[in-house]
Amino acid sequence: MQLYESLGEFKLDVLKEIGNIGAGNAATALSRLLNRPVDMQVPKVRVLPFECIADEVGGPEQVVIAIYFRVEGQVPGHLFFIFEQEPAKRLLSYLVNMNDNKDLDFCDMEISALSEIGNILAGSYLSSLADFTKLAMSPTVPQLAIDMAGAVLNYGLIQYGEMGDSALLIDTKFLEGCEEIQGTFFLIPDPDSFSKIFTALGVPFE
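This text gives an overview of the structure that appears in the document. (Residues numbered from 1 in each chain as written. Predicted model: local features only at pLDDT ≥ 70, side-chain atom pairs only at ≥ 80, totals over all residues. Heavy atoms only, no water.)

Turning our attention to empty space enclosed by the protein. Taken as a whole, this structure holds one cavity of 30 Å³ or more when the rule is applied. There is about 70 Å³ of room inside the largest cavity. Every residue lining the largest cavity is listed: Leu15, Ile18, Gly19, Tyr125, Leu126, Leu129, Leu168, Ile170, Phe185 and Leu187. Of the residues contributing to the lining of the largest cavity, the split by class is nine nonpolar, one polar and no charged. (1 Å grid on protein atoms, 1.4 Å probe; cavity = no way out; pocket = protein on both sides within 12 Å on 5 of 7 lines; lining within 4 Å. Points joined across faces, edges and corners; volume = space filled by probe spheres on them. Nonpolar A, V, L, I, M, F, W, Y, C, P; charged D, E, K, R; others polar.)

Shown next, in the form of C-alpha cells:
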C-alpha cells in the first residue's frame, strides 16, 4: 500500500497541526517584516502521489509562479511553494502594497518580494516539522520560476536525478477581510526520507 493510501485521519490531523503551527510562525514573521497584520490559515493537508501534484495547481500546462528549495539535513528532499499568477499579483498588492494591475508580467522587485515571502514560509514550515520530528532540515536559497506546472515540478528531477513518489501538500490561505489568496506548499522528500519523517512522528511506515 502506498503511503498516501495508508495514513488515517488521526495521522493527517497531526500533519495539519504541524502546518497550522508553521502558518502561525510564518504569519508572525511576515507581520514583523511588513509592520502590518498578516492572517494565514491551513485548511487542508494531504499526502498524495507525485504524479497528482500538477493537477492540484490547475494541471501540468497551467502557468504558475513556483518558489523552489532543496531541503538539506537529515531528511533531504524538494520543497515548492506554488501560486497561480493572478493570486500572486494580489498577494503582492496585499502584503507589499505593490500595484494590483492586470498585467501578469512580474518585475524584478516583485520577483524578489515573492522569493522573500517564500523563504519565510519555507523556513517556518520546515522549522515546525523539525521541532515535531527532532530531525534537522533547512532550505537552500530560493529559486523562482514562472513556467508550466509540469515543467517546474520536473526541475528537481533534472537537477537531482530523483524524487520520492509521495508529497506532503499543505494549502496556505492568506486572508484579508473576506478575500482569500491561496498558495500551495509541496514537500517531496527523497525516497528514503519520508520513512524517517513518519517514523519520527510515531507513524509506522512500510
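This brings us to the pairing of strand S3 (residues 63-73). Where burial is concerned, most of S3 is hidden: eight out of the eleven residues are buried. The pairing of S3 with strand S6 (residues 143-148) spans six bridges and is antiparallel. Along S6, the bridge assignment pairs Tyr68 with Gln143. Direction of pairing for S3 relative to strand S4 (residues 77-84): antiparallel, over a ladder of eight bridges. Each residue of the ladder has a partner; that of Tyr68, found in S4, is Phe80. (Buried < 20%, exposed > 50% of the residue type's maximum accessible area, 1.4 Å probe, protein only. Helix = DSSP H or I, 4+ residues; strand = E, 2+ residues; numbered from the N terminus. Pairing = 2+ DSSP bridges.)

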